[in-house]
Amino acid sequence: MKKLNRVNTGLEKLQPVKVVQFGEGNFLRAFVDYAFHKLNKEVDFNAGIAIVQPLKDGMVNMINDQDGLYTLFMNGIKKGEKIQDIQLIDNIVKAINPYSNFADYLALAKEEELQFIVSNTTEAGIEFVATDTPDMQPPAAFPAKLTVLLYERFKHFNGDASKGVTIIPCELIDYNSEALKKCILQYCELWKLEEAFVTWVSDACTYHSTLVDRIVPGYPRAEIEDYNSKLDYQDNLIVAAEPFFLWAIEGGDALKEKLPFHKTDLNVKIVDDIRPFKMIKVRILNGAHTAMVPVSLLFGNKLVMETVNGGFTGPFVDNVISEISETLPMDKNEITAYAEEVMDRFKNPFIKHALADIALNSISKFKVRVLPSLLGYYNEKAKLPTSLTFSLACLIQFYKGTWNNEVLPVKDTPELVEAFKNAWELEALDAVVAKVLANIEFWGEDLTKINGLSEALVVALTEIEANGIEKGYANFSAKN
């Protein structure tokens, strides 16, 4: 088959760069890039996207090899019928690795039509790293990279307020835009940047917190031959996603005018307050995803669908969602309806969502997505939630790195992996648990202060090591 590129598809005309996107992974390509693709097709928005690879190792070379083109397969069930929508996404006009092409990265600041900055650098991405300096090419942290880019734009356009940008982060942390803006202003202070830039970055640029909701398994390795059979070209960047789509963005009429999603059929909600959308989604959908991963991987499953359909792991996920639901201060009927919809989405037969893919940065994900439910349950009921506590025990076991003489798919920062390695070198389980729970960098607080949590985790880990996951969970439930 012919190679996928712009010459072979007749898509040689490029849109102007209106969007700079930090992140090149499956989710952004199946979500944000798809959303702007819809705007281009249905509203003639004419927005090209320039992708910035946020880490030294990434996929921009693969993306550039296909001239930014890739195929999105949206697979699901509607009214009992299987549906599949296939779209060639064509709005990525360049992809840059700032570690190897820093000049090209800075050149993005000079794009005349640039209007939007979007990002998804995972929950660990929006952080202030005090060792970053403005002369690094590039700085390590995403907010530092962005500050450098914004400062370059400010200087190039002589502080023109009309060249400010709309910043829309998609990381799953509370008040993601406020957290990002705070980091940028910290860099302004640390680097002693002029007051005129501080004013420009605060007033000429706008910041909008978001909620994103779509399950994106990514590259369909197991069924790639079937997917390729539906194409007349060779695509190495196929992305599979569910049809469900929700993007809630905080903003008013000015943002609606800039982003006319209301003229499409896409479920984008520009609203005054995203918190109700965010809490139920992050706690139930993302929380259940994150909580199931270590349990199901240690049990021997590979996929989300396999997990929720399993005789042991399926009821476990139900119990997790039940415990999470009891902590949400919302209408119970609404929570129940959403939880049922989430389970249906997890069971989508088209979605082969690998647990190993969701395992990326599991500690920071657990902190944001699951820990608030675990602690909320404890605070409300004065006892620990059985399934969420067992999930935390499995997470600690997972970060040991091996299980039943097999290497586990632990994917996290070298510093965090090393910290767990050091903890597991302690022979006694109570010492391992104490060292892990006391690590404030993991959890944002000292979890050894939660009455009974350390003891419960030691019991759970003892059961896991002695009896495996299923029997260990049964025994732990009886004791908890």
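Above this note sits the structure.
Below: a short report on this structure. Just so it is clear, the structure is predicted and the values come from calculations on it, not from any experiment. (Residues numbered from 1 in each chain as written. Predicted model: local features only at pLDDT ≥ 70, side-chain atom pairs only at ≥ 80, totals over all residues. Heavy atoms only, no water.)

## Comments concerning the environment of Gly 159
Line of reasoning, step 1. In this fold, Gly 159 is placed in the loop between α6 (142–156) and β8 (166–169).
Line of reasoning, step 2. A relative accessible area of 26% places Gly 159 in the partly exposed class.
Line of reasoning, step 3. Placed 38 residues apart in sequence, Gly 159 and Phe 197 show a C-alpha to C-alpha distance of 7.2 Å.
Line of reasoning, step 4. Apart from the residues within four sequence positions on either side, Gly 159 is in contact with Phe 154 and Trp 200. (Helix = DSSP H or I, 4+ residues; strand = E, 2+ residues; numbered from the N terminus. Buried < 20%, exposed > 50% of the residue type's maximum accessible area, 1.4 Å probe, protein only. Contact = heavy atoms within 4.5 Å.)

## Looking at the packing of aromatic side chains
Line of reasoning, step 1. Throughout the structure, instances matching the rule amount to 32 aromatic pairs.
Line of reasoning, step 2. Between Phe 420 and Phe 442, the aromatic rings sit 5.1 Å apart at their centres with planes inclined by 5°, giving stacked as the arrangement. In this pair, Phe 420 sits in helix α19 (residues 414–424) while Phe 442 sits in helix α21 (residues 440–443), placing the two residues 22 residues apart along the sequence. Side by side, Phe 420 and Phe 442 carry an identical accessibility label, which is buried.
Line of reasoning, step 3. Ring-pair connections join several aromatic residues into one group, and the members of that group are Phe 27, Phe 31, Tyr 34, Phe 36, Phe 45, Phe 116, Phe 245, Trp 247 and Phe 261.
Line of reasoning, step 4. Looking at Lys 163, its charged tip hangs above the ring of Phe 157, at a distance of 5.0 Å from the centre. (Phe/Tyr/Trp six-rings, centres within 6.5 Å; stacked < 30°, edge-to-face > 60°. Lys NZ or Arg CZ within 6 Å of the ring centre and 35° of its normal.)

## So, the pairing of strand β10 (residues 210–213)
Line of reasoning, step 1. Here β10 shows no split at all, with Thr 210 and Val 212 on one side and Leu 211 and Asp 213 on the other all buried.
Line of reasoning, step 2. The pairing of β10 with strand β13 (residues 246–250) spans 4 bridges and is classified as antiparallel. Each residue of the ladder has a partner; that of Val 212, found in β13, is Trp 247. (Pairing = 2+ DSSP bridges.)

## As for α19
Line of reasoning, step 1. For α19, the set of buried residues is Leu 416, Phe 420, Ala 423 and Trp 424. The buried residues of α19 all sit within an arc of 95° when viewed along its axis, so they share a single face. Those residues of α19 that are exposed and aimed more than 90 degrees away from the buried face are Pro 414 and Glu 415.
Line of reasoning, step 2. Those residues of α19 that are buried are in contact with α16 (362–369), α18 (386–398), α20 (429–437), α21 and α22 (453–479). (Arc of directions from axis to C-beta.)

## Concerning the sheet that holds β10
Paired through their backbone hydrogen bonds, the strands of a sheet run either parallel or antiparallel.
Line of reasoning, step 1. The strand order across the open sheet formed by 3 strands is β10-β13-β14, and the pairing between neighbours is mixed. Pairing within the sheet leaves two strands with one partner each, and these edge strands are β10 and β14 (268–271). Averaged over all pairs of adjacent strands, the angle between their axes in this sheet comes to 10°, without regard to strand direction.
Line of reasoning, step 2. Bridge analysis of β13 against β14 gives 4 bridges, and the strand direction is parallel. (Axes fitted to C-alpha atoms, helices over the stretch in contact; angles between N-to-C directions.)

## A few points about the nonpolar core
Side chains of a nonpolar character, in soluble globular proteins, are inclined to be buried together.
Line of reasoning, step 1. Grouped together as the largest cluster of nonpolar side chains are 72 residues, with contacts concentrated most on Ile 284, Phe 346, Phe 390, Leu 392, Phe 420, Trp 443 and Ile 469.
Line of reasoning, step 2. Among the elements that line this core, the one with the most residues is helix α11 (residues 275–299), at 10 residues.
Line of reasoning, step 3. Once you skip the residues sitting within four places of it in the chain, Ile 469 turns out to touch Val 295, Leu 298, Phe 299, Phe 312, Phe 390, Cys 394, Trp 403 and Ile 464.
Line of reasoning, step 4. Ranked by size, the runner-up nonpolar core spans 46 residues in total, among them Phe 31, Ile 63, Val 118 and Ile 249. (Core = buried A, V, L, I, M, F, W, Y, C linked by side-chain atoms within 4.5 Å.)

Function-wise, these values are silent; they only describe arrangement.
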